Amino acid sequence: LKETGERERLKKFVADRLSQGTWRDDLKAQTIEYIKKRGLDQITVQEIMQHIQPLGKQTVPEDLKTELLEKIRSFADEHMPEGGAAP
């Protein structure tokens, strides 16, 4: 994926799809609420990331996950030899 540039194309695809819906805004709102709850002076960036990152992963729409998996499988089918091992 990396050598062909497909990884970057897939990352852009995911970012574009996430920005089309409410995912980004919802996660931003959750982040702001978490910071307010904990107190700006009482929290670190690392603590914010530890709280928000799992939430972000959990809330990615299922249809996007499915479409991404299909794209990866299609890429693998086109670029891997019959035996399934990488060249």
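Structure's up top.
Everything numeric in this text was worked out from a predicted model, so none of it was measured.

Asks: What is the right way to read the overall build of the protein from this model?
Replies: Scanning the protein from terminus to terminus reveals four helices and zero strands. Starting at the N terminus and ending at the C terminus, the protein contains elements arranged as α-α-α-α. Taken over the C-alpha trace, the protein has a radius of gyration of 18 Å; the compact-globule value for 87 residues is 12 Å, which it surpasses by more than 25%. Viewed in the frame of its principal axes, the protein has a C-alpha envelope of about 55 × 25 × 20 Å. Long-range pairs, those at least 24 residues apart, make up 59% of the contacts in the protein with a sequence separation of at least 6. For the protein, the computed accessible surface area is about 7,000 Å², with 53% contributed by carbon and sulfur atoms. Put simply, the protein has 15 plus and 16 minus side-chain charges, and the middle of one group is 5 Å from the middle of the other.

Asks: Could you clarify how one ought to interpret the packing of helix H2 (residues 23-38) against helix H3 (residues 45-58) in this entry?
Replies: Close contact between H2 and H3 brings their axes to 10 Å; oriented N to C, the two are set at 145°. Viewed along their axes, H2 and H3 form a crossing whose handedness is right-handed. Side by side, H2 and H3 meet where Trp23, Leu27, Gln30, Thr31, Tyr34, Ile35 and Arg38 of the first sit next to Glu47, Ile48, His51, Ile52, Leu55 and Gly56 of the second. A per-class count over the contact of H2 with H3 returns seven nonpolar, four polar and two charged.

Analysis parameters
Residues numbered from 1 in each chain as written. Predicted model: local features only at pLDDT ≥ 70, side-chain atom pairs only at ≥ 80, totals over all residues. Heavy atoms only, no water. Helix = DSSP H or I, 4+ residues; strand = E, 2+ residues; numbered from the N terminus. Rg over C-alpha atoms; globule rule 2.2 N^0.38 Å. Contact = heavy atoms within 4.5 Å. Areas by Shrake-Rupley, 256 points an atom, 1.4 Å probe, with all protein chains shown as cover. Lys, Arg positive; Asp, Glu negative; His and termini not counted. Charge placed at Lys NZ, Arg CZ, Asp CG, Glu CD. Axes fitted to C-alpha atoms, helices over the stretch in contact; angles between N-to-C directions. Left-handed = near helix turned anticlockwise from the far one by under 90°. Nonpolar A, V, L, I, M, F, W, Y, C, P; charged D, E, K, R; others polar.

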